[in-house]
Structures are given as structure tokens and as C-alpha cells.
Amino acid sequence: MNRLLDREPARAGPAGRPPPSTAVAAVQAALRATAGGLVPVAAPVVVAWVLGAGGQATWSQAVRLALGLWLLAQHTGLVVSGGHVGLVPLGLALVPFASTWFAGRWLARTMDPRGDRIAAGATRAAPAMLPWRCLLGFTGAYCLLATLVSVAAGMPGLRPISAQAALGAAVVAFLGGGAGAAVYRFRGPRAAVREALRRVPDVARPWIRPALAAQTVHVAGGAAVVAALVAGHVEGVTQLHRALAPGVVGGAVLTLGEVMLVPNLVVWASAALAGPGFAIGAGTSVTVTSSQLGPLPAVPVLAALPPPGSLPPTAAALLAVPVLGGVVGGVVVCRAGAGTLRARLGTATGAGLLCGITSSVLAWLSGGPAGPGRLAVTGPDPLLTGAAAAAEVTVGAVLTVLAVAGVPPLLRRMERLEDLADDRTPSGSRPDGG
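Calculation rules
Residues numbered from 1 in each chain as written. Predicted model: local features only at pLDDT ≥ 70, side-chain atom pairs only at ≥ 80, totals over all residues. Heavy atoms only, no water. Pairing = 2+ DSSP bridges. Helix = DSSP H or I, 4+ residues; strand = E, 2+ residues; numbered from the N terminus. Axes fitted to C-alpha atoms, helices over the stretch in contact; angles between N-to-C directions. Contact = heavy atoms within 4.5 Å. Core = buried A, V, L, I, M, F, W, Y, C linked by side-chain atoms within 4.5 Å. Buried < 20%, exposed > 50% of the residue type's maximum accessible area, 1.4 Å probe, protein only. 1 Å grid on protein atoms, 1.4 Å probe; cavity = no way out; pocket = protein on both sides within 12 Å on 5 of 7 lines; lining within 4 Å. Points joined across faces, edges and corners; volume = space filled by probe spheres on them. Nonpolar A, V, L, I, M, F, W, Y, C, P; charged D, E, K, R; others polar. Parallel < 35°, antiparallel > 145°, perpendicular 65-115°, else oblique. Left-handed = near helix turned anticlockwise from the far one by under 90°. Salt bridge = Lys/Arg side-chain N within 4 Å of Asp/Glu carboxyl O. pLDDT = per-residue confidence, 0-100. Patch = residues over 30% accessible without salt bridge, like charges linked within 9 Å, V, L, I, M, F, W, Y side chains within 5 Å. Areas by Shrake-Rupley, 256 points an atom, 1.4 Å probe, with all protein chains shown as cover.

### Regarding the sheet that holds strand β1 (residues 78–80)
One open sheet holds the three strands; their spatial order is β2-β1-β3, and the pairing between them is antiparallel. The open sheet terminates on both sides in strands that have one partner only, identified here as β2 (83–85) and β3 (158–160). For this sheet, the mean inter-axis angle between neighbouring strands, taken without regard to orientation, is 30°. Inspection of the sheet shows β1 paired to β2 by three bridges, in the antiparallel sense. Considered in β2, the bridge of L78 is made with V85. Contacting β1, β2 and β3, helix α3 (residues 59–72) runs over the sheet at an angle of about 40° to β3.

See below:
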């Protein structure tokens, strides 16, 4: 029966119409992704304007600010008076990625001749792969829409950089849309990830699991540090929030913005655990040994940062977190158990290198100019953070592999020495007197 159903002609759309063409479907998906990303970003801004800031800004300014924030979420720089803003709250960056992910999944299903029948359970045929030309069409249409939005969002004191808007939108659409199409094609995120891993070169594939384990430990350490700092300075954070007097609506929007910024703080704390630390303004630095800060932006959560000066000597022990991550990665390498000692050492080294690359990318994504003047330097240094993380994770992983490889021979040697000592001990001198 299934074979007969699978031989039916390609499905038709509603009312017997044929499926849309590639160009039409790509434009429709781009419009869906744009609307899906704009609404959640614009809603808090518009609500805050309607209920709290109506007398201080025009309706047009509120809408353009919302458009600018949507572009900023895709790493589009915003030119402001005296400088520009390029620091992207990583929580906000998830919004356009999620909208393109859903749009890509919708596009793959729409262009699949058996899409409706698969959804209805009328066939066991595998979903079709989204054609490359369709994904590229979606990327181009989304990129064009973002460029138009960047032109419409310009106003005195705020101007998006159109070239960055086009490039950022192209990257987000291609990655997000491609991921959504892959999830549809392979019937779920896990299967899509497994298929992606199969396409990784054989040399680098064994690096992924230990690198993921090590990176998880490193980032978890950064999250624990942020939680501890906020809990230890909750009174200062609360006082600064009250001093700003944002009101009920403004306070809710401010809190939402701080929540969006928390992933950045976790990455910054991870950079501090790696050693290089991070900056909030030119000439500033926060590491696990000292804090050198100047005037900070009026963001309440930043009141949780350590006060200027030297930190307790015990804080330097936090530098062991990336090495501990390497130890966990080394355990993963040893549990795989395949290959010679040389191969396992190569895998441990590759995992450390992959962790360094990941840490560098995260540092780059989490930082950027936060405004004019001294705030043009904000966040960790990507190259220094990646190099330090790679070295520390590699050391932990390699030492663990060597230790695990050396324990069994050492135990066997100790057993032989004990047996030899027993053989050489005269029977009359034994403790039991035998």
C-alpha cells in the first residue's frame, strides 16, 4: 500500500494549485523569517514607548529603534553620536537565528513534493533535501530585506551600517535556514546533528566529543562564577536598579535586556578563567587576580563585577577550571579506547585545539564596541582567549591520557615486585611464623 501511495504524482497546494516556484517560496520564507524575528524584538520597545516613554520619543523613533535592535542582533553595527555600537547580547542573537531556523524548516517542507503526505503519515518516504538554489534564494531574499530595513531604521543619532546588515543577515539566514532544512530532512535535531558529524573529516571527528566535554566544563565554570558574583552583590545590583527609576514597564524591559546579556557575561567569565580576562572600556581589565575598572555603563547587573583592586589569592585557583575541562576531555578520549597511545595523544591535542577555536569564536561573538569613547573596547580578546584555552585544555587532556596509559603498567610492575619480594623472603621470617 505504501509503495502505491509513494507512486502518486507530486502533491498540489490548496484548491489543487501546484506548489510555489523556488523564487516565490524563498521570498515567502524570507518574509516569514523577518516578521518572526522583528515581532519579539519590537514588542518590548513598542510597549515601553506606549506605556512609559510616549512623551519623550515619537512613534517613528520607537519603531526605528526596534528595527535597529533587530539588525544589531545579527551583528550589524549601529553608528551613534561619537562612535558605534557593535556589542550584541547573545540572548538577543538567538531571536533571528530561531526565526530563520523555523523559516528554513517551513521552506523545506513546502518544497518537498511529499511534504503533506509525510506529515499526514500517508507515506514512509524520507523527506526530501532542500535544493541549494532554494536555500541560496532564501538567503538572498532575507539579505535584501535586512538591507532595506537598515535604510528604513536610520535616524538622527542612530544609523545602521548597511554593509554589515547585508553580511550579517546572509550568515544568519544561511546557517539558520540550513539548520532548519536539515532538521526537516532528517526528522529531528539529533538525527541532523549525527548526519552533520558524519560529514566531518575522519581526522577531526574523534576530537568533537572530548572537545565538547572540555568546553562544557569551561563554560559551566564561567556560569558558576557569574551566579556567585550576582548572588554576592545582589544588594548593589538592586540599588542601582532602583536608582535608575525605570518604572514598572521600563524596569521589565531593562530586566529583559540584562537577561539577554547574561550569556555574554558567562563567556567573559570563561575568558577570565582562561587567564586573559576581559575589558569594559579602554584601559580596563578583569581577571581572576585583579580588577581594573573605570566608570561603567548604567546596567545594574554590572554592579556584580569585582571592585577595583587585587582579588583574594584563592581566586587564582579558578585558573584550573580549563585544565579540569581538559582532564574531562582526556577521560572521554581514554574511554573511547581505540588506537595507540600516539593516536590518543593526537586526539587529545586536537580536542584542545578545537576548544581554543570555539573559545575564540565565543569571545568574538560576545564582545564589541558598546558605545562612543572608552566603551569602544568591550569584552575579551578573541585571539588571546582562544590561545590560552587551547593550551590549558590540551595540557589537561594530554596529561590525563598519559596518566591513564601509565597506570596499568605501573600496577603490573608493582605486582611483580611484590611477588619477587615474597619469593625472596625466608619462610621462617614471615610474620605468621610459618
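### Let's talk about the nonpolar core
A general trend in soluble globular proteins is that nonpolar side chains are found buried together. Core analysis: the biggest nonpolar cluster contains 31 residues, and W70, L71, L107, L130, F138 and Y142 have the highest contact counts within it. Elements represented by at least two residues in this core include exactly α2 (22–51), α3, α4 (90–111), α6 (132–152) and α7 (162–185). For L71, the residues in contact, after removing those within four places along its chain, are T76, A146, V149, S150, A153, P160 and A165.

### Comments concerning empty space enclosed by the protein
Counted according to the given criterion, the structure contains one cavity of 30 Å³ or more. Taken together, Q215, H218, V219, V267, S270, A271, S359, L362 and T385 form the lining of the largest cavity. Listing elements by their share of the lining of the largest cavity, those giving two or more residues are α9 (208–232), α11 (247–274) and α13 (341–366). For the lining of the largest cavity, the per-class residue count stands at four nonpolar, five polar and no charged.

### Some points on the packing of α3 against α6
Here α3 crosses α6 at 140°, and the two axes come no closer than 9 Å. Here α6 runs oblique to α3, going by the angle between their axes. Along this stretch, α3 crosses α6, giving a crossing that reads as left-handed. Contact with α3, carried on its side by R64, L67, W70 and L71, involves Y142, A146, V149, S150 and A152 of α6 and no other residues of that element. Partitioning the contact of α3 with α6 into residue classes produces seven nonpolar, one polar and one charged.

### Focus on the environment of R344
As for its position among the elements, R344 is in helix α13. Using a relative accessible area of 17% as the deciding quantity, one classes R344 as buried. A sequence separation of 57 residues divides R344 from V401, and the C-alpha atoms of the two residues are 7.0 Å apart.

### Focus on the sheet that holds strand β7 (residues 309–310)
Reading across from one edge, β5-β6-β7 is the order of the three strands in this open sheet, with antiparallel pairing throughout. Two strands bound the open sheet, and with one partner strand each, they are β5 (285–286) and β7. The pairing of strand β6 (residues 290–292) with β7 spans two bridges and is antiparallel. Bridged to S291 within β7 is G309.

### Let's talk about the pattern of salt bridges
Enumeration according to the criterion identifies three salt bridges in this entry. In this structure, the salt-bridge partner of R198 is E195, at a minimum N-O distance of 2.8 Å. Taken as a pair, R198 and E195 lie in helix α8 (residues 189–198) at a separation of three residues, close to a single helical turn. In this structure, D202 engages R205 in a salt bridge whose closest nitrogen and oxygen atoms are separated by 2.9 Å. Accessibility expressed as a relative area gives 35% for R205, which makes it partly exposed. Here the salt bridges share partners, and the residues they tie into one network are E195, R198 and R199.

### Brief notes about the confidence of the model for the protein chain
Taken over all residues, the pLDDT of the protein chain has a mean of 85, while the share at 70 or more is 87%. Across residues 1–17, where pLDDT falls below 50, the model places 24 contacts with residues more than four positions away in sequence or in other chains.

### Considerations on a nonpolar patch on the surface
Taken together, the side chains of F97, W132, L136, L167, V171, F174 and L175 make up a nonpolar region of the molecular surface, amounting to roughly 720 Å² of accessible area. Counting only elements with at least two residues in the nonpolar patch, the list comes to α6 and α7. Residue contributions to the nonpolar patch peak at four residues, all from α7. Within the secondary structure, L136 sits in helix α6.

### Some details on the layout of surface pockets
To find leftover empty space, a probe the size of one water molecule is rolled over the atoms. Looking at the largest pocket, its volume works out to about 1400 Å³. Residue lining of the largest pocket: 44 residues in total, with L65, L69, V253, L254 and G257 positioned closest to the centre. Mapped onto the lining of the largest pocket, the elements with two or more residues apiece are α2, α3, β1, α4 and α11. It is α11 that provides the largest number of residues to the lining of the largest pocket, a total of ten residues. Taken together, the residues that form the lining of the largest pocket break down as 37 nonpolar, six polar and one charged. Around the second largest pocket, the lining comprises 36 residues; the ones closest to its centre are H75, L90, V361, W364 and L365. A per-element tally of the lining of the second largest pocket places α7 first, with seven residues. When the residues that make up the lining of the second largest pocket are grouped by side-chain class, the tally is 24 nonpolar, twelve polar and no charged.

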